[in-house]
Amino acid sequence: EAQVTQNPRYLITVTGKKLTVTCSQNMNHEYMSWYRQDPGLGLRQIYYSMNVEVTDKGDVPEGYKVSRKEKRNFPLILESPSPNQTSLYFCASSAQTSGASYEQYFGPGTRLTVT
Amino acid sequence: AQKVTQAQTEISVVEKEDVTLDCVYETRDTTYYLFWYKQPPSGELVFLIRRNSFDEQNEISGRYSWNFQKSTSSFNFTITASQVVDSAVYFCALSGKSRDDKIIFGKGTRLHILP
């Protein structure tokens, strides 16, 4: 089944404790992206990647890191999480290198709480 | 700068009524792409439609229809004969060359279909 998976789905952590949210797609997609969803703010793009070893900042990259060492994986890293990073996070992928211009397939979401 | 405005934060209609969700966008690009995504109560994000700036034809898919008007910078979404299963948050989104490969989402419209 074609899908984007994220782990964990739920995470409660404390300020400053490094964490990684994994994202994996099995569709051989070029483009992958991370978003955060907050009440009243909609979805905002954090980082995206147009291919292996190519990553770029979205609109809200502060406090986050990403890497794209393999085509299928695009982990989101919070080196020192803070409470303002409490949010619902989505990973997405697209078949096209210019993924923002095409349909994106979203993962199920990761609800992160930082206390 | 690019911007997407979904002025309707929340709408409630009775089942079988028609409902239109508004989306107004701003962009200086001549080539750009517009999208609608649905987020049902279960939380996943589902792609509904993609439209490029050169295609102003309206589109109909079952009970769903989209009205793209460049003259008013709008890309409105109408659900005909609404059903309870249409209850969801709907996001309009925009991408274009001036923002490299980034996408910007509106804040979403929460639609309640009352039985």
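A. Fine view of the pattern of salt bridges. Throughout the structure, instances matching the rule amount to seven salt bridges over all chains. The salt bridge involving Asp38 of chain A is made with Arg44 of chain A; its shortest N-O contact spans 2.8 Å. One salt bridge in this structure joins Glu59 of chain B and Arg51 of chain B, with 2.8 Å as the shortest N-O distance. You can call Arg51 of chain B buried: its relative accessible area is 5%. Connected via shared salt-bridge partners are Arg36, Asp38 and Arg44 of chain A.

B. Inspection of the nonpolar core at higher detail. Ranked by size, the top nonpolar core spans 24 residues in total, and within it Trp36, Phe77 and Tyr90 of chain B carry the most contacts. Counting residues per element, the ones that place at least two in this core are β2 (10-14), β3 (19-21), β5 (32-39), β8 (64-69), β9 (74-79), β10 (88-96) and β12 (109-114) of chain B. The element best represented in this core is β10 of chain B, accounting for four residues. When sequence neighbours within four positions are dropped, the list of residues in contact with Tyr90 of chain B reads Gln6, Leu21, Trp36, Tyr37, Lys38, Leu48, Tyr64, Phe77, Ile79, Gly108, Thr109 and Leu111 of chain B. Listed in part, the 19 residues of the second largest apolar core include Val4, Cys23, Leu76 and Val114 of chain A.

C. Representation of the packing of aromatic side chains. One pass over the full model with this rule turns up 19 aromatic pairs over all chains. Here the aromatic rings of Tyr37 of chain B and Phe105 of chain B are separated by 5.8 Å at their centres, their planes lie at 45°, and the arrangement is tilted. On the criterion of sequence distance, the pair formed by Tyr37 of chain B in strand β5 and Phe105 of chain B in strand β11 (residues 103-105) is long-range, its members being 68 residues apart. Among the residues examined, Tyr37 of chain B registers a relative accessible area of 0% and is labelled buried. Of the residues examined, Phe105 of chain B reaches a relative accessible area of 6% and is grouped as buried. Note on Phe68 of chain B and Phe75 of chain B: the rings are 5.8 Å apart at their centroids and 80° apart in plane angle, and the pair reads as edge-to-face. Taken individually, Phe68 of chain B and Phe75 of chain B each receive the classification buried, so the pair is uniform in this respect. Lying across the ring of Tyr102 of chain A, Arg50 of chain B places its NZ or CZ 4.2 Å from the centre.

D. Examining the state of the cysteines more closely. The tally for this structure, following the rule as stated, stands at two disulfides over all chains. The disulfide that involves Cys23 of chain A links it to Cys91 of chain A, with 1.8 Å between the sulfurs. With the S-S dihedral at roughly -75°, the linkage between Cys23 of chain A and Cys91 of chain A falls on the left-handed side. Taken together, the residues span a long stretch of sequence, with Cys23 of chain A in strand β3 (residues 19-25) and Cys91 of chain A in strand β9 (residues 87-94) at a distance of 68 residues. Between the sulfur of Cys23 of chain B and that of Cys92 of chain B lies a disulfide, 1.9 Å long from S to S. Residues Cys23 of chain B and Cys92 of chain B are joined by a disulfide whose S-S torsion is about -65°; by sign, that bridge is left-handed.

E. Structural view of the interface of chain B and chain A. Contacts between chain B and chain A engage 18 residues on the former and 24 residues on the latter. Surface buried jointly by chain B and chain A totals about 1,800 Å² across both partners, of which 53% is contributed by carbon and sulfur atoms. Across the contact surface, chain B and chain A share zero salt bridges. Along the contact surface separating chain B from chain A lie four residue pairs in polar contact (both at pLDDT 80 or more). The biggest single contributor to the side of chain B that touches chain A is β5 of chain B, with four residues. Within the side of chain B that touches chain A, the residues separate by chemical class into eight nonpolar, four polar and six charged.

About the thresholds
- Residues numbered from 1 in each chain as written.
- Chains lettered and ligands numbered in written order.
- Predicted model: local features only at pLDDT ≥ 70, side-chain atom pairs only at ≥ 80, totals over all residues.
- Heavy atoms only, no water.
- Salt bridge = Lys/Arg side-chain N within 4 Å of Asp/Glu carboxyl O.
- Buried < 20%, exposed > 50% of the residue type's maximum accessible area, 1.4 Å probe, protein only.
- Core = buried A, V, L, I, M, F, W, Y, C linked by side-chain atoms within 4.5 Å.
- Helix = DSSP H or I, 4+ residues; strand = E, 2+ residues; numbered from the N terminus.
- Contact = heavy atoms within 4.5 Å.
- Phe/Tyr/Trp six-rings, centres within 6.5 Å; stacked < 30°, edge-to-face > 60°.
- Lys NZ or Arg CZ within 6 Å of the ring centre and 35° of its normal.
- Disulfide = S-S within 2.5 Å.
- Buried area = accessible area lost by both parts, 1.4 Å probe.
- Polar contact = N/O pair within 3.5 Å; in protein donor to acceptor, adjacent residues only side chain to side chain.
- Nonpolar A, V, L, I, M, F, W, Y, C, P; charged D, E, K, R; others polar.

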